[in-house]
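Chain and residue survey
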Amino acid sequence: MTKAKTHFVCQSCGYQVPKWLGRCPGCQEWNTFVEERVVEEKVPERDLLGFETEAVPTPITEIVGEERGRFQIGIGEFDRVLGGGIVFGSVILVGGDPGIGKSTLLLQVMNRLASKGKRVLYISGEESLQQTKMRADRLGISSEHLFVVSEASLEKILQDIQTNRPSTVVVDSIQTIYSSELRSTPGSISQVREASSRLLYLAKHLSIPIFLIGHVTKEGFIAGPKVLEHMVDTVLYIEGETTHAFRILRAVKNRFGSTNEIGVFEMKDSGLVEVVSPSEFFLSERTESTSGSVVMPSMEGSRPILIELQALVVPTNFGLPRRTAEGVDVNRVSLLVAVMEKRLGIHLNNQDIFLNIAGGMKVEEPAADLGVISAIASNFKDKVVDPEMAVFGEVGLGGEVRGVSQSEVRVKEASRLGFKRCLMPKQNQEKVKGTKGIELIGVRTIQEAMKALF
Ligand code: TYD
Ligand code: MG
C-alpha cells in the first residue's frame, strides 16, 4: 500500500511546502507548519463567486456605483462599528479571546433581529442546544424567530441555510466547522479556508449576511485565519480584560465603512449592555481630591473618551527604581520621567513610579504625555490637580508641549462632562473655537504647565 501523499501547510497564512520548515517564508511566523494530506482541490468556476466570466476592463466613469442595502440591528454601538448597519451578503468575522463575550454579543444581536420578525439562524459548533438555551435564558432571550442548531458539519450547515433561508446567520465558531470532503482536522487552515470560502459564496449568492466567530490565540492572531481576514468583508475584534467589565468592539477591516469607529459595552449579569457615554463610565468611580489623579480626553478613532490617569510615586526601598504602567506604554513613561528630571529638575531616580488607567482602558496616543507628567508630578509633590481640569498634549524631549489632533473634539467632550478648565498645547488652544463654559489654558512647555497646575 502506498503512503498517502502529504504536504506541510502554514497554519497562519496557508503557505504550502513539501518538507517541514521551522519558519514560514510567507508570513515569517515560527512553528506554524502542520502536515496535511494532499487533497485534490477543484478549481472553482470563475462565476462561482459571482464574478463575470469574461471580465472586460471598464472605464471607471462607466461603472454604476450601487450602495448595497443595509439594515440596522438596533444596537447603536454595534451598528456604528459596522458603518451604519449590516450590508446584505456581507461576511463579518468577529474575533476575540476566549471568554471575552463573542457568543454572548452575537446571540444578543440575533435576538434583536429576531424580535423584529426576521428569521435568524445561530449555528453552534461549540456548544450544545442546552448550553445555548441556558445562555439565552440568562440574557432574557426568547423569540420564536431565533433558530438554533448545534452542528459542525459544513455540508449540513450549507444545506440548512439553503433550505431555511434565514435573514442572518451566525457560525460559532469557524474553527469548529469541518468539511467531510477534506481529511484534515477541524480548525486546521485547510478546513477553515474551505468552510469560509463556501460560506462566503453562499452569503453572496443568497445575499444574506453571515457572521463568523473566530478565536484569537494567546499570541494575538486569530488561530489560522490570517487567510480569513483577507477573504471576509469586515473584521471586528472584541477587546478588553476578562477582569474588567468593559469591552471595546473595534473594526480592523471594513469594506463597507470606516475602521475608526469603536463600540463600548459593559459585561453585566444580563449580557453586554451598550455604554452610550464611555467618559461617564470611566470617570464614575473617580475620587476627586487625591493627588496623582488627572483626567485626560483621549481619542478612540473619531470618538473622545475621558479617562483617569493615576500615578503613585513612592521612595525606592531597594536597588533600582521600578517603573510600572498599566494601560500606557512603560517605555514612554520612562522617557517622560527622564524629561521631567532634566527639564523640571524633579529627582525621581530614587522613586518607584506606578501608573494606571482607571477601569482598564489602554491609551496609545502621545496626547497622554502631559497627563502622565501631571499625574506623576502631582503625586510626587502630594498636591491635588484641580478636579475640574482636563489635561492633554504631546511632550517632546526638550520639554516642549506639542499640538495634537482633534483638540476641539477633546475640549468639547471635557466641557460636556462639566470640566471647567483644560490644560492643553498653546498651538491647539489658538485653533479651538466655539467652546463656552470651559477655560482653555494653552502652554508651550512643561514648565509652564507646572506653573498652571500647582
Ligand atoms: P462568551 O460569550 O461565552 O465568550 P466567548 O464566546 O467569547 O468565548 O462569554 C463568556 C463570559 O461572559 C463568561 O465568563 C461569563 C460572562 N457572562 C456574563 O458576565 N454575563 C452574561 O450574561 C453572560 C451570558 C456571560
Ligand atoms: Mg463562545
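Residues numbered from 1 in each chain as written. Chains lettered and ligands numbered in written order. Predicted model: local features only at pLDDT ≥ 70, side-chain atom pairs only at ≥ 80, totals over all residues. Heavy atoms only, no water.

1. What to know about the overall build of the protein
The number of helices and strands found in the protein is 12 helices and 23 strands. Referenced to the eigenvectors of the C-alpha coordinate spread, the extents of the protein come out at roughly 80 × 55 × 50 Å. Restricting to contacts in the protein with at least 6 residues of sequence separation, those with at least 24 account for 67%. For the protein, the accessible area works out to roughly 22200 Å², and carbon and sulfur atoms hold 51% of it. Where the 53 positive side-chain charges of the protein centre and where its 56 negative ones centre are 2 Å apart. (Helix = DSSP H or I, 4+ residues; strand = E, 2+ residues; numbered from the N terminus. Contact = heavy atoms within 4.5 Å. Areas by Shrake-Rupley, 256 points an atom, 1.4 Å probe, with all protein chains shown as cover. Lys, Arg positive; Asp, Glu negative; His and termini not counted. Charge placed at Lys NZ, Arg CZ, Asp CG, Glu CD.)

2. Describing the nonpolar core
By size, the foremost hydrophobic cluster in this structure holds 61 residues, and its most contacted members are Leu355, Leu370, Ile376 and Leu423. Residue assignment places this core across two domains, with domain 2 (71–276) and domain 3 (281–453) each supplying three or more. Leucine 423 has contacts with Leu370, Met389, Ala390, Val391, Phe392, Ile441, Val443, Ala449, Ala452 and Leu453, leaving out every residue within four places of it along the chain. If you look at the next biggest cluster of nonpolar residues, it comprises 32 residues, including Phe71, Ile100, Leu105 and Phe265. (Core = buried A, V, L, I, M, F, W, Y, C linked by side-chain atoms within 4.5 Å. Buried < 20%, exposed > 50% of the residue type's maximum accessible area, 1.4 Å probe, protein only. Domains from an automatic or database assignment.)

3. Regarding the pattern of salt bridges
In a structure, side chains of opposite charge can pair up when their charged atoms sit close to one another. Inspection of every chain in the model, using the stated rule, returns 19 salt bridges. Across the salt bridge formed by glutamate 127 and arginine 135, the nearest N and O atoms sit 2.5 Å from each other. Summarising the burial analysis for this pair, glutamate 127 and arginine 135 share the class buried. Taken together, the salt bridges that share partners define one network made up of Glu155, Glu181, Glu194 and Arg198. (Salt bridge = Lys/Arg side-chain N within 4 Å of Asp/Glu carboxyl O.)

4. So, the side chain of aspartate 233
When you line up the elements, aspartate 233 lands in the loop between α6 (226–231) and β11 (234–239). Classification of aspartate 233 by relative accessible area gives buried; the value is 2%. There is a polar contact of 2.9 Å between the side chain of aspartate 233 and the backbone nitrogen of valine 91. Reaching out from aspartate 233, the side chain makes a polar contact with the side chain of lysine 204 at a distance of 2.7 Å. Those residues in contact with aspartate 233 that sit more than four places away from it in its chain are Gly89, Ser90, Val91, Lys204, Lys253, Asn254, Arg255 and Phe256. (Polar contact = N/O pair within 3.5 Å; in protein donor to acceptor, adjacent residues only side chain to side chain.)

5. Some remarks on the domain arrangement of the protein
The domains assigned to the protein are domain 1 (3–40), domain 2 (71–276) and domain 3 (281–453). Computed from C-alpha coordinates alone, the two centres of domain 1 and domain 2 are separated by 28 Å. The interface of domain 1 with domain 2 comprises 11 residues on the first partner and 13 residues on the second. Across the domain 1/domain 2 interface, buried area totals approximately 900 Å², and carbon plus sulfur atoms make up 51% of it. For the side of domain 1 that touches domain 2, the elements supplying multiple residues, two or more each, are β1 (6–10) and β3 (33–37). (Buried area = accessible area lost by both parts, 1.4 Å probe.)

6. Some points on the site of ligand 1
Around ligand 1, a shell composed of 16 residues is seen, among which Gly99, Lys102, Ser103, Thr104 and Lys268 lie nearest. Arginine 138 is positioned such that a nitrogen or oxygen atom in its side chain is 3.3 Å from a nitrogen atom of ligand 1. Contact distances for ligand 1 include 2.8 Å between an oxygen atom and a backbone N or O atom of aspartate 269. Contact with the protein chains removes 76% of the 560 Å² of surface that ligand 1 exposes when unbound. Listed by contribution, the elements that provide at least two residues to the shell around ligand 1 are α2 (102–115), α3 (129–138) and β13 (262–268). Top contributing element to the shell around ligand 1 by residue count: α2, with three residues. Of the residues that constitute the shell around ligand 1, the class distribution is four nonpolar, six polar and six charged. (Near = heavy atom within 4 Å. Nonpolar A, V, L, I, M, F, W, Y, C, P; charged D, E, K, R; others polar.)

7. Comments concerning helix α12 (residues 446–453)
Within the sequence span of α12, burial applies to Ile446, Ala449, Met450 and Leu453. Seen from one end, α12 has its buried residues packed into an arc of 100 degrees, which puts them on one side. (Arc of directions from axis to C-beta.)

8. Observations concerning the sheet that holds β3
The antiparallel open sheet is built from three strands, whose spatial order is β2-β1-β3. Strand pairing shows two members of the sheet lacking a second neighbour, β2 (16–17) and β3, which therefore form its edges. (Pairing = 2+ DSSP bridges.)

9. Digging into the environment of glycine 398
Positionally, glycine 398 belongs in the loop between β20 (394–395) and β21 (401–402). Spatially, the C-alpha atoms of glycine 398 and leucine 199 are 56 Å apart, while their sequence positions differ by 199 residues.

10. Things to note about the sheet that holds β13
Strand order across the open sheet formed by nine strands is β8-β7-β9-β10-β6-β11-β12-β13-β14, with mixed pairing between neighbours. Each edge of the sheet is formed by a strand with only one pairing partner; in this case those strands are β8 (146–150) and β14 (271–274). Pairwise comparison of adjacent strand axes, ignoring direction, gives a mean angle of 25 degrees for this sheet. Seen against the sheet, α2 touches β6 (91–96), β7 (120–124), β8, β9 (168–172), β10 (210–215), β11, β12 (246–254), β13 and β14 and runs at an angle of roughly 160 degrees to β7. Against the sheet, helix α5 (residues 189–206) engages β6, β9 and β10, with an angle of about 160 degrees to β10. (Axes fitted to C-alpha atoms, helices over the stretch in contact; angles between N-to-C directions.)

11. Considerations on the packing of α2 against α3
Contact pair α2 / α3: the axes reach a minimum separation of 11 Å and the direction vectors enclose 70 degrees. The angle between α2 and α3 places the two elements in the roughly perpendicular class. Contacts from Ser103, Thr104 and Leu107 in α2 reach Thr132, Arg135 and Ala136 in α3. Class assignment for the residues of the contact of α2 with α3 results in two nonpolar, three polar and one charged. (Parallel < 35°, antiparallel > 145°, perpendicular 65-115°, else oblique.)

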